Structure formats: structure tokens, C-alpha cells
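# A look at the structure
Given next are the chains, with one letter for each unit.
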Amino acid sequence: FRLKYRQHYRRLARPSRALTPPSADVFVVHYSGDSVEGRADALGRWAERFEAQHGAAPRVWLDAACADVSLDARELLEHTPVYMARCKALLVL
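These notes cover the structure that comes with them.

Calculation rules
Residues numbered from 1 in each chain as written. Predicted model: local features only at pLDDT ≥ 70, side-chain atom pairs only at ≥ 80, totals over all residues. Heavy atoms only, no water. Helix = DSSP H or I, 4+ residues; strand = E, 2+ residues; numbered from the N terminus. Expected span 1.5 Å × (residues − 1). Buried < 20%, exposed > 50% of the residue type's maximum accessible area, 1.4 Å probe, protein only. Salt bridge = Lys/Arg side-chain N within 4 Å of Asp/Glu carboxyl O. Pairing = 2+ DSSP bridges. Contact = heavy atoms within 4.5 Å. Axes fitted to C-alpha atoms, helices over the stretch in contact; angles between N-to-C directions.

Here helix α2 (residues 36-54) contains 19 residues, and its C-alpha end-to-end distance of 26 Å stays within 8% of the 27 Å for a straight helix at 1.5 Å per residue. The complete set of buried residues in α2 reads Arg 39, Ala 40, Asp 41, Leu 43, Gly 44, Trp 46, Ala 47 and Phe 50. Immediately beyond the C-terminal end of α2, within one or two residues, lies Gly 55, with a positive phi of roughly 75°.

As C-alpha cells, this is what we get:
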């Protein structure tokens, strides 16, 4: 379970291509002060339920893996509504 989703996170770190809206099933909101393991476990459990229900793995938007790394913090915050609009739903961990 954990290993499967850790490998998935490694794939997310690769550069992605631009997609037309909606490009992801969920925009993931999380508190960076929470443990990485706790967040990974929560996302993994949710992803397993999603896959069982929809028959396919979810496409998720994680800022750390998906956002434009050339943006500074202010620009990233300004672009967040656009990123969220490209997702079908909001997932709060």
C-alpha cells in the first residue's frame, strides 16, 4: 500500500504536460506541518476507494509536484484558483 503510492509520488515529480480543464479528478489541499507519512497514508486510502468506485486510478493535483516551479510564492498563490478550476473536486487531507 505505502510502497505503491510512494512510487506513484516519484512519478508525479516528473515534468508534466499542459492539460485542458478538467485535468485532474481532485485538487489536494494539505497542511505541510502534518507528517508526510500521515498525508501519504490518507491520500493512499482515498485513492484506493476512488479506484474501486471508478475503475481507474485518480488524477490528483499536488502543488509540490504539479505547480510551475518558476513561480514565486505570491505568483503561485495567484495561480491557485486557475489550478483548482482545472480539477473536478477538492480533497482536503
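What follows picks up the thread again.
The subject of this paragraph is the pattern of salt bridges. Tallied over the full model, the rule gives three salt bridges. The salt bridge involving Arg 59 is made with Asp 25; its shortest N-O contact spans 3.6 Å. Of the two residues, Arg 59 is situated in the loop between α2 and β2 (60-61) and Asp 25 in strand β1 (residues 24-29); the sequence distance between them amounts to 34 residues. The residue Lys 88 makes a salt bridge to Asp 25 at a minimum N-O spacing of 3.6 Å. Taken as a pair, Lys 88 in strand β3 (residues 87-92) and Asp 25 in strand β1 lie far apart in primary sequence, 63 residues in all. Accessibility expressed as a relative area gives 56% for Lys 88, which makes it exposed.

One open sheet accounts for three strands, arranged β2-β1-β3; its pairing is parallel. Of all strands in the sheet, those with a lone pairing partner are β2 and β3, marking the two edges. The pairing of β1 with β3 spans five bridges and is parallel. Among the inter-strand pairings, Phe 27 is bridged to a residue of β3, identified as Leu 90. Across the sheet, α2 is in contact with β1, β2 and β3; its angle to β1 comes to roughly 160°. The strands touched by helix α4 (residues 73-85) within the sheet are β1, β2 and β3, with β3 carrying the most contacts at an inclination of about 115°.

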